[in-house]
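The lines below spell out each chain.
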Amino acid sequence: CTEDVDECQLQPNACQNGGTCTNHNGGYACVCVNGWSGDDCSKNIDDCFTASCANGSTCIDRVASFSCICPEGKAGLLCHLDDACVSNPCQKGALCDTNPVNGNYICTCPQGHKGADCTEDVDESNSNPCEHAGKCVNTEGSFHCECLKGYTGPRCEMDINECHSNPCQNDATCLDKIGGFTCLCMPGFKGVHCEEDIDECLSNPCVNNGVCLDKVNRFLCVCPPGFSGAVCQIDIDDCSSTPCLNGAKCIDHPNGYECQCATGFTGLLCEENINNCDPDPCHHGECQDGIDSYTCICNPGYMGAICSEQIDECHSNPCLHQGRCIDLVNGYQCNCLLGTSGPRCNVDIDECTSSPCHNGGTCINEVNGFRCVCPEGFHHPHCQSQADGCLSNPCVHGNCTHIATGYKCVCDPGWIGDYCSTEGNECKSNPCQNGGTCEDLLNGYRCSCRKGFKGENSEKNPCQNGASCVDGINSFSCICLPGFHGDKCQTDTNECLSEPCGNGGTCTHYVNSYTCKCPPGFEGTNCENNIDEC
């Protein structure tokens, strides 16, 4: 502990009230300024202790001084003089002061008066004290100035600063003028005080239904979806990404696009191949879908674009020897005449197998018959009789054939009887069906059909397009296949008449079905689903 500590540095406020700190070995000392005492100069010296204020006055202690508060009628520093102002020697409202040294009064005259007692009037108008062309008006003991606009003060010496009240708004600059001011407005404001915000939206700068927001010295366009640019002048090309598929044409719209599909495609992006096989147009066959087309692979026995036509296998006349061909599905049936047989009546029945020729006669087979070549003395048809009964031509409408017992008449068609002299009645077998009336003709008949029937034998089906016929009394009813209607199922039902396609979809009619072409934004069988583009 050999080093001395400087307390004056460690304690900067060791000496108060302006005292000076002096360090010495092992301590410090304060040198106080006048009026203070004590080790740290914190004690105010009471100067009233030694003061000599006159009797009746009050001493007030101050720092290194004192003051005497005099009673009424006394004056001076020590209140030892009589107050000369008690008698009110100063006139015209002048201010009276007592000389603290000798006790005399001193008059401070108001403006417009002068003299020891302020009794003399000063004529100010002669000197025109008003500045800036102000008008001087003399009054008793004074004057006043009537100032021009823009000036103020007792002598019109002050230029009124009209900018002092900050009349200019919105950060405008105020220029003071004589009797007025001018506001230099910031960009975007106008008016005497720059109080009006200029509406840059008044000119409707935003196009394409953009919303204009007025800003300070500018505007901002809030563009609707599908547009951009400072004034929404740019139509965003939604087709730039080539969204439409399968050769579709893209049509740009505000905030969207529309795909015009190539024939045979559908869907929002034309991504779906229209299934032309739904509903199935093929009546009797299998449908194969194509691009905007279909192909019907017909079942055996049918043909045509939609396999609706039954192939007439009888068209090629497959039945020989005048056999009657009956058309079937994918086939035919031959009803052969007597004397022939086989699938196509191509087999001639050999009537000679029964050895019809007698007496050594030779049998020659013919279609639906035979012919005997008889030896001399015998006659046809069986070489049984030597007497020819046909020499008298007994057969009126027919051919005479010699037999062992005489002859036999083979009548011409339409004639009957032993001599072929009686016309045959073809109506006897009742060939007319469904109550039709039979009219006998020579070698034939004619049917007069009842109402509701027609055909060669009144048997033809009146129902069309594959419908089933239900017979009634003098009437019939047709059970139509799906997609047809009418009393004979003759009308193709138009499923589009019920307007099944919603939301503006376009309906296309097919047999027993329809398809809907939906507008952009919708999908589904009936365009009932709103596509969520989000």
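Rules of the game
- Residues numbered from 1 in each chain as written.
- Predicted model: local features only at pLDDT ≥ 70, side-chain atom pairs only at ≥ 80, totals over all residues.
- Heavy atoms only, no water.
- Helix = DSSP H or I, 4+ residues; strand = E, 2+ residues; numbered from the N terminus.
- Rg over C-alpha atoms; globule rule 2.2 N^0.38 Å.
- Buried < 20%, exposed > 50% of the residue type's maximum accessible area, 1.4 Å probe, protein only.
- Contact = heavy atoms within 4.5 Å.
- Lys, Arg positive; Asp, Glu negative; His and termini not counted.
- Charge placed at Lys NZ, Arg CZ, Asp CG, Glu CD.
- Salt bridge = Lys/Arg side-chain N within 4 Å of Asp/Glu carboxyl O.
- 1 Å grid on protein atoms, 1.4 Å probe; cavity = no way out; pocket = protein on both sides within 12 Å on 5 of 7 lines; lining within 4 Å.
- Points joined across faces, edges and corners; volume = space filled by probe spheres on them.
- Patch = residues over 30% accessible without salt bridge, like charges linked within 9 Å, V, L, I, M, F, W, Y side chains within 5 Å.
- Areas by Shrake-Rupley, 256 points an atom, 1.4 Å probe, with all protein chains shown as cover.
- Disulfide = S-S within 2.5 Å.
- Pairing = 2+ DSSP bridges.

Within an unreviewed UniProt entry, the label attached to the protein reads NOTC2 protein, and the organism entered is Ptilorrhoa leucosticta.

All right, on to the overall build of the protein then. Along the protein, the regular secondary structure elements total 1 helix and 52 strands. Taken over the C-alpha trace, the protein has a radius of gyration of 72 Å; the compact-globule value for 534 residues is 24 Å, which it surpasses by more than 25%. Judged by the C-alpha coordinates and their principal axes, the protein covers about 215 × 85 × 40 Å. Taking all 534 residues of the protein together, 26% fall into the buried category. Long-range pairs, those at least 24 residues apart, make up 17% of the contacts in the protein with a sequence separation of at least 6. Mean positive and mean negative side-chain charge positions of the protein (25 and 71 charges, respectively) differ by 10 Å.

The subject of this paragraph is the side chain of Glu351. Along the chain, Glu351 turns up in the loop between β36 (347-348) and β37 (362-366). As a buried residue without a salt bridge, Glu351 has its nearest oppositely charged side chain in Arg371, at a separation of 12 Å. For Glu351, the residues in contact, after removing those within four places along its chain, are Gly339, Pro356, Asn365, Glu366, Asn368, Gly369 and Phe370.

This part takes up the layout of surface pockets. Size it by volume and the largest pocket reaches roughly 940 Å³. Forming the walls of the largest pocket are 37 residues, and the residues nearest its centre are Thr266, Ile274, Cys516, Lys517 and Cys518. Mapped onto the lining of the largest pocket, the elements with two or more residues apiece are β26 (256-260), β27 (265-266), β28 (272-273), β49 (506-510), β50 (513-517) and β51 (522-523). Ranked by residue count, the leading element in the lining of the largest pocket is β50, at 5 residues.

This part takes up a nonpolar patch on the surface. On the surface, a nonpolar cluster with roughly 300 Å² of combined accessible area is contributed by Val211, Leu213, Leu220 and Val222. Overall, Leu220 belongs to the partly exposed group, its relative accessible area being 38%.

According to the stated counting rule, one finds 37 disulfides in the structure shown. Between the sulfur atoms of Cys109 and its disulfide partner Cys118 the distance amounts to 1.9 Å. The sign of the -95° torsion about the S-S bond sets the Cys109-Cys118 disulfide as left-handed. With a relative accessible area of 25%, Cys109 lands in the partly exposed category. Take Cys136: it sits in no disulfide, and the sulfur closest to it among the cysteines is that of Cys130, at 4.3 Å. Cys463 provides the cysteine sulfur closest to Cys469, a residue in no disulfide bond, and the two sulfurs are 4.0 Å apart. The exposure class of Cys469 is partly exposed, given its relative accessible area of 34%.

This part takes up a negative patch on the surface. The grouping of Glu271, Glu272, Glu523 and Glu528 at the surface amounts to a negative patch. Inspection of the secondary structure assignment puts Glu271 in the loop between β27 and β28. Given a relative accessible area of 43%, Glu271 falls into the partly exposed group.

Take the pairing of β26 next. One ladder, built from 5 bridges, connects strand β25 (residues 249-253) with β26; its direction is antiparallel. Paired with Cys250 across the strands is Cys259, a residue of β26. Hairpin connection between β25 and β26: a loop of 2 residues separates the two successive antiparallel strands, and Asn255 in this loop has a positive phi of roughly 60°.

Okay, the pattern of salt bridges next. Enumeration over the complete set of coordinates arrives at 3 salt bridges. When the shortest N-O distance is used, the salt bridge between Lys74 and Asp82 registers 3.1 Å. Owing to a relative accessible area of 55%, Asp82 belongs among the exposed residues under this scheme. Two residues, Arg446 and Glu439, come together in a salt bridge whose shortest N-O distance is 2.9 Å. Classification of Arg446 as partly exposed rests on a relative accessible area of 43%.

Below, the discussion takes up unusual backbone geometry. A negative phi holds for most residues other than glycine; trans holds for most peptide bonds. Geometrically, the link from Asp278 to Pro279 is a cis peptide bond, its omega value of 5° lying close to zero. By the secondary structure assignment, Pro279 is in the loop between β28 and β29 (285-289). Residues other than glycine seldom take positive phi values, yet Cys345 does so here, at roughly 60°. Tracing the chain through its elements places Cys345 in the loop between β35 (340-341) and β36. By relative accessible area, which is 0% here, Cys345 ends up buried. Of note, Cys527 is a non-glycine position whose phi angle comes to about 60°, a positive value.

Within the element layout of this structure, Leu391 appears in the loop between β38 (369-373) and β39 (398-403). Residues Leu391 and Cys85, 306 residues apart in the sequence, show an inter-C-alpha distance of 206 Å.

Its place among the elements puts Ala133 in the loop between β12 (120-121) and β13 (135-139). With relative accessibility at 62%, the residue Ala133 sits in the exposed group. Spatially, the C-alpha atom of Ala133 lies 9.9 Å from that of Glu157, the residues being 24 residues apart in sequence.

With respect to the element layout, Thr263 can be found in the loop between β26 and β27. On a C-alpha basis, the gap between Thr263 and Gly505 in space is 16 Å, while along the polypeptide they are 242 residues apart. Contact partners of Thr263, with chain neighbours within four places excluded, come to Ile291 and Asp292.

With that out of the way, let us pick up the pairing of strand β44 (residues 444-448). Where strand β43 (residues 437-441) lies against β44, 5 bridges are found, and the strand directions are antiparallel. Within β44, the residue paired with Thr437 across the bridge is Ser448. Between β43 and β44, which pair antiparallel in sequence order, lie 2 residues; one of them, Asn443, sits at a positive phi of approximately 60°.

Let us look at the side chain of Glu313. Along the polypeptide, Glu313 turns up in the loop between β32 (309-310) and β33 (324-328). One buried charge, Glu313, has no salt-bridge partner; the nearest side chain with opposite charge is Arg344, at 13 Å. The residues contacting Glu313, other than those within four sequence positions of it, are Gly301, Pro318, Asp327, Leu328, Asn330, Gly331 and Tyr332.

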